[in-house]
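This is what each chain is made of:
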There are 2 protein chains.
Amino acid sequence: MPKPPDATRRSERSRTAILDAALALITESGYAALTIEAIAARAGVGKQTIYRWWKGRGEIVLDALAEQVTAAGPPALPDTGDLEADLRLVVRATVAELADPKLSEITRALTVESLTSESFADQVRDRILRPQLDTIKDRLRGHVRAGIDPDLAVELFVGPMYHRWMLRTGPLTEEYADALVDLALAALRPGADRG
Amino acid sequence: MPKPPDATRRSERSRTAILDAALALITESGYAALTIEAIAARAGVGKQTIYRWWKGRGEIVLDALAEQVTAAGPPALPDTGDLEADLRLVVRATVAELADPKLSEITRALTVESLTSESFADQVRDRILRPQLDTIKDRLRGHVRAGIDPDLAVELFVGPMYHRWMLRTGPLTEEYADALVDLALAALRPGADRG
């Protein structure tokens, strides 16, 4: 028997409240403090409601972020005709997000859970990361010398900043973002393989 | 009153047994399965002995790895005169380690704990990571065009492979390692900034 419309509406309201609560709490207090209890209290639902739909807090954060991404539509890189300027914009924005202790808590959560579970990592990759990487890949098309793997080209922009953020090896500043874009573009530019 | 020599020797034997047990267990069964109980049983000590010296399993793995690094002496990059060949050797070895589910468990453990605690991250950086990054930095000296931050130059080699490993975005093969070295060197080479 199908659920009556009221129950479906109530379910959907609870589900949205849980996702919103998780994102609000993680940004306010960090992933370490995020518990199912806290999410349930904030969302005004019982813990059992949460466990009926999710295995743990990581899955809730992933779904919440994935819905945000879906609602925002496919991410687009600006295309002003100036590749370097467009990439600086994106890399600066990512570096600024990583440098912000609150904003970066979502990335921290997804990275920790990805390192702990392969199936979780694959979901993060396919639902969150791949669409972001693909926008950079698309924007680089036609600007990269022949023979370079486009996935590796994108990693040259994103790998260094995540490494620096994760391992706290240096400052995450606008100057750093610009220097990274300069260097990665120098690697990809036609003619750069001739020493 | 100073400890009698026998007690000191016994302490040192226990400490070494605990560190060895942690490394053996993590390589055999992974970090998820590593518990203080399992380490105590394998080392033949009581759990209280472990908790007297360490706060948790992450700290034990860190100390164990740091002692290995210290015992092995400062890491050295080969210097055959052929920079590209030397870097390929190092990057291939790192990629092979990351591609190995058992060998990479120690890196996984240290990364997860680094994302969870800033003071832990700083210890990993200073005791394990920095000496490794510095060997690459030293080897690059004199081969990088003026104005490039040496720390960023090193990140160009290590960032992409850790990103790929962590987020499972592509294969970790010898071909990948070589392509990464080619690309990073192309960025750093004198003249690469002239498009």
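Residues numbered from 1 in each chain as written. Chains lettered and ligands numbered in written order. Predicted model: local features only at pLDDT ≥ 70, side-chain atom pairs only at ≥ 80, totals over all residues. Heavy atoms only, no water.

Draft legend 1. Seen up close, the UniProt feature "DNA-binding region" (unreviewed entry) in chain A. In the UniProt entry, the feature "DNA-binding region" (unreviewed entry) is given for residues 35–54 of chain A. This span, residues 35–54 of chain A, is 75% helix and 0% strand, and a straight line between its end C-alpha atoms measures 13 Å. (UniProt positions renumbered as here; feature names shortened; annotations may be inferred. Helix = DSSP H or I, 4+ residues; strand = E, 2+ residues; numbered from the N terminus.)

Draft legend 2. Summary view of the domain arrangement of chain A. Residues and elements named next belong to chain A. Taken domain by domain, chain A holds domain 1 (5–70) and domain 2 (76–188). Here the C-alpha centre of domain 2 lies 27 Å away from the C-alpha centre of domain 1. Here domain 1 packs against domain 2, burying approximately 1,300 Å² in sum over the two surfaces, 73% of which is carbon and sulfur. When the buried area of domain 1 at its contact with domain 2 is split by residue, Thr27, Tyr31 and Leu62 rank highest and sum to 43% of it. At the boundary of domain 1 and domain 2, one finds 1 salt bridge. Notably, a salt bridge pairs Arg127 with Asp63, separated by 2.9 Å at the nearest N-O pair. At the surface where domain 1 touches domain 2, the tally comes to 4 residue pairs in polar contact (both at pLDDT 80 or more). For the side of domain 1 that touches domain 2, the secondary structure elements donating two or more residues are α1 (5–29) and α4 (57–72). Considering each element in turn, the side of domain 1 that touches domain 2 owes the most residues, 9 residues, to α4. Here the residues of the side of domain 1 that touches domain 2 sort into 8 nonpolar, 3 polar and 4 charged. (Domains from an automatic or database assignment. Buried area = accessible area lost by both parts, 1.4 Å probe. Salt bridge = Lys/Arg side-chain N within 4 Å of Asp/Glu carboxyl O. Polar contact = N/O pair within 3.5 Å; in protein donor to acceptor, adjacent residues only side chain to side chain. Nonpolar A, V, L, I, M, F, W, Y, C, P; charged D, E, K, R; others polar.)

Draft legend 3. The arrangement of the pattern of salt bridges in detail. Here the structure, examined in full by the defined rule, presents 44 salt bridges over all chains. Salt-bridge contacts for Glu67(B) lead to Arg15(B); the nearest nitrogen and oxygen are separated by 2.8 Å. In this pair, Glu67(B) is assigned in helix α4 (residues 57–72) and Arg15(B) in helix α1 (residues 5–29), connecting sequence segments 52 residues apart. Put simply, Arg108(B) and Glu105(B) hold a salt bridge, and the shortest N to O gap is 3.1 Å. Of this pair, Arg108(B) and Glu105(B) are both found in helix α6 (residues 104–116), 3 residues apart, which corresponds to roughly one turn of the helix. Here Arg108(B) and Glu105(B) have matching classes, each one buried. The network of salt bridges with common partners includes Glu84(A), Arg88(A), Arg92(A), Glu174(A), Asp178(A) and Asp182(A). (Buried < 20%, exposed > 50% of the residue type's maximum accessible area, 1.4 Å probe, protein only.)

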